[in-house]
Amino acid sequence: MPKTLAEKILSRASGRDAHAGDLVIAPVSRVMVHDSVIDAVMAGLRELGKERVWDAGKVAVFIDHAAPAPTPVVADSHRVLREWVREQGIATFYDAGEGVCHQIMVEEGYCEPGTVIVGSDSHSNSYGAVGAFGAGMGATDVAVALALGRTWLRVPASIKVTFAGRPRKGVTVKDAIMRVVREIGTDGARYACMEFHGAGSLPQGDRITLAGMTTEMGAKAGLVVGTPEAPDWLFPDRGARYANELTIDLSTLEPQIAVPPRVDQVVDVSEAIGQPVDIVFLGSCTNGRLVDMRQAAVLLRGRRIAPDVRLEVVPSSRRQFEDAMADGTLLALSAAGAVIGSSGCGPCLGRTGGVLAANEICLSTANRNYRGRMGSPDAAIYIGSPYVAAVAALTGVIDDPRLYLEATEEELDALVARRRAERRGRGAASVRSGDRSRELMIAAARTGVAAEIDD
Amino acid sequence: MTARAWVFGDDLDTDQMVPGRYAPFMVGQDKFHLYTFCDARPGFAKEVQPGDVLVGGENFGCGSSREYAVAALKRLGIGGIVAKSFARIFFRNCINLGIPVLESADALSLVRDGDAVALDLAAGLLRGPNGDAPLRPIPHFAQVILAAGGVVSYLREHGDFPEIS
């Protein structure tokens, strides 16, 4: 019988002829654990009576969710985690500041295509970016996988998503996947695997955006077909059976905005124009890569964000951080007024970085806008692409980024000025540090004491 | 035995159960359960009694994989959860920690918040003042784990997963 990608992977892993609905027990090629669940995972292992993980070479541990430690309680938990890593002899350990677990798992090559990986984080679906069956699980499931090197899975039915056409300028993969969420809903892919066709040649980072967001539709896994990393056998059979099929025409797609407090409450950007925001977050495993920071920098280079808006940029890994440093992207964003955070999950889940106050409105490039997700339950979170984030930072409102990308310099400045003028009475205009000292130096130079100051 | 029913709607996410800022990780292992539903249903953690039943709609427990949301419910002694459907990680977490999770198409329309109900697993019914809601049988594999009180006790006793038939 022809098989979907999920059926193929789980058949191969379990050694059975597995089809949707079957229960299988499969070995895992790797187990991913992160800081925020480590206490429960360790407790689970202890209760299981296991002193050692099944294979220290196949365990990857990350401190990223609340990192660097924001409170003494968290710091203590990190200390215990580091001791555990040392005792267990786990070499694949990434400490605070190295980046988001999913970004590192994929970009550092820890996700073997065609294998099963259990992760302690719901966005472990991200590993499907390279054709690995990554499934997020709770702490006890993770402890069991660490103890046995195996996990049980019900073989999911699959939903086939095909991307057709080329997106217009200013429309991104984030918009494409938000369009899918809009169609499928937050539970439309519950227990299912989402299989993406027509996306295999996208850059790896964009494929992480796709696969990771399948979590927001309830999916067990999200697999991209035809990636360069995939071995020859890793393709869905012609005639495989799908529970649902969906085609997204990228050529007519508009930038998409998720309206709080639901990830599937998605509208075309035209319906959200003028929505004021107080803070913009560019980062997370969904959109914290060089490509995302570059998209924002296209609009922010040589400009300043609105003085009464805050912009936080958190690169998703040290590599992305350093690449964005090397090509000047981070300098451009900082010069525009962005706060650059150390690589990690950042404020996406409201534990570190700029958490939200009551009544504050955030435009985030991350993946969730639930009530309370980024801080106060009375804050509101809109989700959009990096382009939308850049425009929101620049103007203080949500707007269609295509207007700005197509405008001349003068038109753009006029557009920004108009939007800022329309948005009144939020926050307070901040002085950008560095401005005054530069002015003082210039003034001093005019009076002839510059040489001494500069020395 | 009767219990109080606590009724919720569709897509109740784990951030509503225990917000990230009250993770055990943030407030300590001994306190996080005291924040259960602190935003969505203030007062819940004080009023809930062991054996009480949660009733919900579609996609119950969606969102973050945080097992401490389930651990908090366990700590408060929740006797079972009946919903139209469950998010997959939440479902697994409940089975693993030994909280019965049961699908029912009718429970949400039959049960009102505060009703005295009885979760009759043997009969496969959630009994309430407005009638009995039939419960979908739990898959055998999960039933075996639940009967052992969770996956940890099961594995301690048997050393491996239940057989897959």
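Predicted, not measured: the structure shown is a model, and the values here were computed from it. Sequence order sets the numbering: in each chain, residues are counted from 1 along the sequence as written. Chains and ligands are labelled sequentially in the order written, the chains with letters from A and the ligands with numbers from 1. In keeping with the predicted nature of the model, local features appear solely for residues at pLDDT of at least 70, side-chain atom pairs appear and are counted solely at 80 or more, and the whole-chain, interface and lining totals rest on all residues.

**Overview of the overall build of chain B**
Numbered from the N terminus, helices here are DSSP runs of H or I no shorter than four residues, and strands are runs of E no shorter than two. Secondary structure assignment for chain B yields 8 helices and 7 strands. With the radius of gyration taken over C-alpha atoms, the globule rule is written as 2.2 Å times the number of residues to the power 0.38. A globule of 165 residues ought to have a C-alpha radius of gyration of about 15 Å, and chain B, at 15 Å, matches this closely. Across its three principal directions, the C-alpha atoms of chain B cover 45 × 40 × 25 Å. Sorting the 165 residues of chain B into buried and exposed places 54% on the buried side. Distance between backbone-placed C-beta atoms decides contact: two residues are in contact if it is within 7 Å. Long-range contacts, defined here as pairs at least 24 residues apart, represent 64% of the contacts in chain B between residues at least 6 apart. Counting other C-beta atoms within 10 Å of a residue's C-beta gives its exposure: the residue is buried at 20 or more, exposed at 12 or fewer, and partly exposed in between, where C-beta atoms are placed from the backbone.

**A look at the interface of chain A and chain B**
Counting residues at the interface gives 41 residues for chain A and 38 residues for chain B. The set of elements that each furnish at least two residues to the side of chain A that touches chain B consists of strand S1 (23-27), helix H2 (38-47), helix H3 (72-88) and helix H5 (139-148) of chain A. Amino acid classes used here: Ala, Val, Leu, Ile, Met, Phe, Trp, Tyr, Cys and Pro are nonpolar; Asp, Glu, Lys and Arg are charged; the rest, including Gly, are polar. Among the residues making up the side of chain A that touches chain B, the classes are represented as 16 nonpolar, 14 polar and 11 charged.

**Describing the domain arrangement of chain A**
Where the parts come together, the accessible area they lose is often given as the size of the interface. All names here are of chain A. Looking at chain A, the domain boundaries give domain 1 (5-252) and domain 2 (256-422). A C-alpha centroid distance of 26 Å is found between domain 1 and domain 2. Secondary structure elements with two or more residues in the side of domain 1 that touches domain 2: helix H4 (101-107), helix H6 (173-184) and helix H7 (204-213). Of the residues assigned to the side of domain 1 that touches domain 2, the class counts are 12 nonpolar, 14 polar and 9 charged. In this entry, domain limits derive from an automatic or database-based domain assignment.

**Overview of the pairing of strand S3 (residues 80-83) of chain B**
Residue and element names in this part refer to chain B. Because side chains alternate across S3, one face comprises the buried residues Gly-80 and Val-82, and the other comprises Ile-81 and Ala-83, equally buried. When strand S2 (residues 53-56) meets S3, the two strands line up parallel, connected through 4 bridges. By the bridge assignment, Val-55 is partnered in S3 with Val-82. Two strands pair under a simple rule: DSSP has to find at least two bridges between them. With 3 bridges joining them, S3 and strand S4 (residues 101-103) adopt parallel strand pairing. Looking at S4, one finds that Val-82 is bridged to Leu-102.

**Some points on the packing of helix H4 (residues 68-75) of chain B against helix H5 (residues 88-97) of chain B**
Think of two packed helices as two axes; the pair is described by the angle between the axes and how far apart they sit. Residues and elements named next belong to chain B. Axes, fitted as lines to C-alpha atoms, cover a helix only where it is in contact. Angles between the N-to-C directions of the axes lie from 0 to 180 degrees. The interhelical angle for the contact between H4 and H5, taken along N-to-C directions, is 40°, at an axis separation of 9 Å. Considering the angle they form, H4 stands oblique to H5. Handedness of the crossing formed by H4 with H5: right-handed. Of the residues in H5, those in contact with Val-70, Ala-71 and Lys-74 of H4 are Phe-90, Asn-93, Cys-94 and Leu-97. Looking at the contact of H4 with H5, its residues break down into 5 nonpolar, 1 polar and 1 charged. For classification purposes, angles smaller than 35 degrees are called roughly parallel, those larger than 145 roughly antiparallel, those between 65 and 115 roughly perpendicular, and all remaining angles oblique. By convention, the crossing between two helices is left-handed when the near helix turns anticlockwise from the far helix through less than a right angle, and right-handed when the turn is clockwise.

**Concerning the sheet that holds strand S4 (residues 92-94) of chain A**
Residue and element names in this part refer to chain A. Taken in spatial order, the 5 strands make up an open sheet running S4-S3-S2-S5-S6, and their pairing is parallel. The strands lining the two open edges of the sheet, one partner per strand, are S4 and strand S6 (133-136). On average, each strand axis in the sheet is inclined to that of its neighbour by 15°, with strand direction left out of account.

**Describing the confidence of the model for chain B**
What pLDDT conveys is the predictor's confidence in a given residue, as a value from 0 to 100. Confidence in the prediction for chain B averages 93 pLDDT; 99% of positions are at 70 or higher. Here the predicted complex carries an ipTM of 0.82, next to a pTM of 0.91.

**Let's talk about helix H9 (residues 290-300) of chain A**
All names here are of chain A. Most of H9 sits inside the fold, with 9 of its 11 residues counted as buried. Taken together, the buried positions of H9 are Leu-290, Val-291, Asp-292, Met-293, Gln-295, Ala-296, Ala-297, Leu-299 and Leu-300. Among the residues trailing H9, Gly-302 stands out with phi positive, at a value near 80°.

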